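Here's the letter readout for the chains.
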Amino acid sequence: QGGLGEQGSGNQGVEITSVVFNDETVNDDGESHTILASGAPSGTSVTYLNAGPYINAGEYTITVTVAGEGYKTFTKTAKLTINKIEYFMNIKEL
């Protein structure tokens, strides 16, 4: 499961296959959320587009790009879903 991975076109170098960047679903807990990539090779740079962080319920598309000398540029998109949680309060009269 996860977003679509792409190798940059026309880049010379080693293909990056170690990056993990998958869709994620969390509940709206009032905290900020984002998706972070792991597994980028040493010496590469990792940049994000629309990374947030996000607090409100909804769906957010985040893109990661991993690049470095000697590597083909790696780009992948994943979706962050924050589920809305409804809270009910039962107030009992004393």
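Residues numbered from 1 in each chain as written. Predicted model: local features only at pLDDT ≥ 70, side-chain atom pairs only at ≥ 80, totals over all residues. Heavy atoms only, no water.

Caption draft 1: Focus on the packing of aromatic side chains. All chains considered together, the criterion is met by two aromatic pairs. For the pair Phe-21 and Tyr-48, a centre-to-centre distance of 6.2 Å together with 45 degrees between the ring planes defines the contact as tilted. A residue pair is termed long-range when its members are at least 10 positions apart, and Phe-21 in the loop between strand E1 (5-7) and strand E2 (24-27) and Tyr-48 in strand E3 (residues 45-49) qualify at 27 residues. Of the residues examined, Phe-21 reaches a relative accessible area of 0% and is grouped as buried. With a relative accessible area of 30%, Tyr-48 lands in the partly exposed category. Seen in terms of ring centroids, Tyr-54 and Tyr-60 are 3.8 Å apart; in terms of plane orientation they differ by 15 degrees. Their pairing is stacked. Each member of the pair, Tyr-54 as well as Tyr-60, is classed as buried. (Phe/Tyr/Trp six-rings, centres within 6.5 Å; stacked < 30°, edge-to-face > 60°. Helix = DSSP H or I, 4+ residues; strand = E, 2+ residues; numbered from the N terminus. Buried < 20%, exposed > 50% of the residue type's maximum accessible area, 1.4 Å probe, protein only.)

Caption draft 2: Region of interest: the side chain of His-33. Along the chain, the position of His-33 falls in the loop between E2 and E3. Look at His-33 and you get buried, because its relative accessible area is 14%. Among the polar contacts listed, one links the side chain of His-33 to the backbone oxygen of Glu-31, at a separation of 3.5 Å. Not counting chain neighbours up to four residues away, the residues in contact with His-33 comprise Val-26, Asn-27, Ala-51, Pro-53, Tyr-54, Leu-80 and Ile-82. (Polar contact = N/O pair within 3.5 Å; in protein donor to acceptor, adjacent residues only side chain to side chain. Contact = heavy atoms within 4.5 Å.)

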